[in-house]
Amino acid sequence: MAKNTVLVSGGAGYIGSHVTVELIEAGYNVVVADNFSNCDATCFEGVKKITGKKIPFVEMDFCDAEAVNDLFAKYKIDAVIHFAAFKAVGESVEKPVLYYKNNLCSFLNVLDAASHHGGCNVLFSSSATVYGEAENLPVTEKTPRLPATSPYGNTKQICEDILRDTVKATNVNRSPEWAIKGIALRYFNPIGAHPSALIGELPRGVPNNLVPFITQTAIGKRECLSIFGNDYPTADGTCLRDYIDVVDLAKAHVAAVARMLEGRMEEDYEIFNIGTGRPVSVYELVSAFEKVNGLKLNYKYAPRRAGDVVAIWADTALANEKLGWKAERSVEDTLASAWAWEKHIAEMEAVKASSEE
Ligand code: UD1
């Protein structure tokens, strides 16, 4: 049987590169496309090393409708996983037009091209941010979405709706082989790196997210980690999140793609929470990082960060049952992988600096 081809838009980035590895290891043909707007070629090079495969790569912007169309015309794409989007919450508040334009246009172009080239399965990378400050925890896929508190979060909600409506229209009006099926995966907090330490998160500038800030503090790039708020109504006063290992997260994509391609979907558009189902506080995460890596982190308590929710974690029953997927890596192993990756970055930077001398 011919292998199915999966397009990974934004496949050179943090999550996209891990997903590319898992797809290849599961036997799919993968086409990666990226414009390197928020990453360099480091992770894509890492993917090639890990898999030992030549992977078709197209450098392109998904806001360029013609380029997206050409891509679909060139490759017979059976499924697309769409990561090509901006993701910084704070920046989106400062530059809403940039965020709406980039995140919505790129996704619309994918759907448009998919509908002109014989239908497709579309997997959209959504976020737990759509739940906002949920009243009842853990959140299930039926928990109502709350109005987004940032343009970034709003683009996730709007893209979910665009996918839902597109799927509905194509399944009503078209023959099955021309229809679009869709899955939105709502990620909780992705952290960690591949066990090879060849791919991981490479934030530009000062990291906004917790784990890259921890690892950069540990390596000496940042002086001190600020823990935002220790007066929340939680056991130790710090916020609770559901930290999902990036390799586990990548495997959830493979399970979702297989569900679509093997015709196992129960609805034409489905949503799954992708998390561990376990709340971990910021303090617990910092302590686990120190313990597993045998080091002391310089940190202090600072005022709460605007826009943070006290607590959110996933009910993962639906993903466990329907995708046959479960988060497996322990938080300790994940934090060890994040540290190994930070050390790998330092080595790469040292090599670069010495070659420039
Ligand atoms: C944020 C985004 C989410 C996005 C996710 C990607 C919102 C409100 N948040 O989630 O949409 O999908 O990143 O990973 O849209 N913290 C510190 N010190 C730091 C950094 C963070 O104490 O230097 C704390 C935060 O207050 C929070 C926790 O660590 O309690 C996690 O923060 P972060 O990694 O930024 O993720 P979220 O804000 O949960």
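Presented here is a report on the structure given in the accompanying data block. What you are looking at is a predicted structure, and each value in this text was computed from that prediction instead of being measured.

What about the site of the ligand?
Around the ligand sit 20 residues in total, of which Leu210, Ser226, Phe228, Arg241 and Asp308 are the nearest. Within the contact set of the ligand, an oxygen atom lies 3.3 Å away from a side-chain nitrogen or oxygen of Ser127. Asn208 is positioned such that a nitrogen or oxygen atom in its backbone is 3.4 Å from an oxygen atom of the ligand. Taken by itself the ligand offers 740 Å² of open surface, and the protein chains cover 86% of this. Contributions of two or more residues to the shell around the ligand are made by strand S7 (189–191), helix H7 (210–219) and strand S8 (225–228). Per-element tally for the shell around the ligand: the top contributor is S8, with four residues. Within the shell around the ligand, the residues separate by chemical class into eleven nonpolar, six polar and three charged.

Some remarks on the side chain of Glu201
Along the chain, Glu201 falls in the loop between S7 and H7. We note that Glu201 is buried and unpaired, the nearest opposite charge coming from Lys87 at a distance of 4.4 Å. Not counting the four nearest positions on each side in its chain, Glu201 is found in contact with Tyr14, Lys87, Asn209, Pro212, Trp341 and Ile345.

With respect to the environment of Tyr152
Topologically, Tyr152 is positioned in helix H6 (residues 151–173). Residues Tyr152 and Asn103 lie 49 residues apart in sequence; the distance between their C-alpha atoms is 8.4 Å. Those residues in contact with Tyr152 that sit more than four places away from it in its chain are Phe86, Lys87, Ala88, Val89, Ser92, Tyr99, Ser127 and Thr129.

What to know about the nonpolar core
The biggest cluster of nonpolar side chains holds 48 residues, and the ones touching the most others in it are Leu23, Ile274 and Trp325. Counting residues per element, this core draws most heavily on helix H8 (residues 246–261), which supplies eleven residues. Filtering out sequence-adjacent residues up to four positions away, Leu23 remains in contact with Val6, Val8, Tyr28, Val30, Ile81 and Val254. Val31, Ala33, Met60 and Ala114 belong to the second-largest nonpolar core, a separate cluster that totals 29 residues.

Definitions and limits used
Residues numbered from 1 in each chain as written. Predicted model: local features only at pLDDT ≥ 70, side-chain atom pairs only at ≥ 80, totals over all residues. Heavy atoms only, no water. Near = heavy atom within 4 Å. Polar contact = N/O pair within 3.5 Å; in protein donor to acceptor, adjacent residues only side chain to side chain. Areas by Shrake-Rupley, 256 points an atom, 1.4 Å probe, with all protein chains shown as cover. Helix = DSSP H or I, 4+ residues; strand = E, 2+ residues; numbered from the N terminus. Nonpolar A, V, L, I, M, F, W, Y, C, P; charged D, E, K, R; others polar. Buried < 20%, exposed > 50% of the residue type's maximum accessible area, 1.4 Å probe, protein only. Lys, Arg positive; Asp, Glu negative; His and termini not counted. Salt bridge = Lys/Arg side-chain N within 4 Å of Asp/Glu carboxyl O. Contact = heavy atoms within 4.5 Å. Core = buried A, V, L, I, M, F, W, Y, C linked by side-chain atoms within 4.5 Å.

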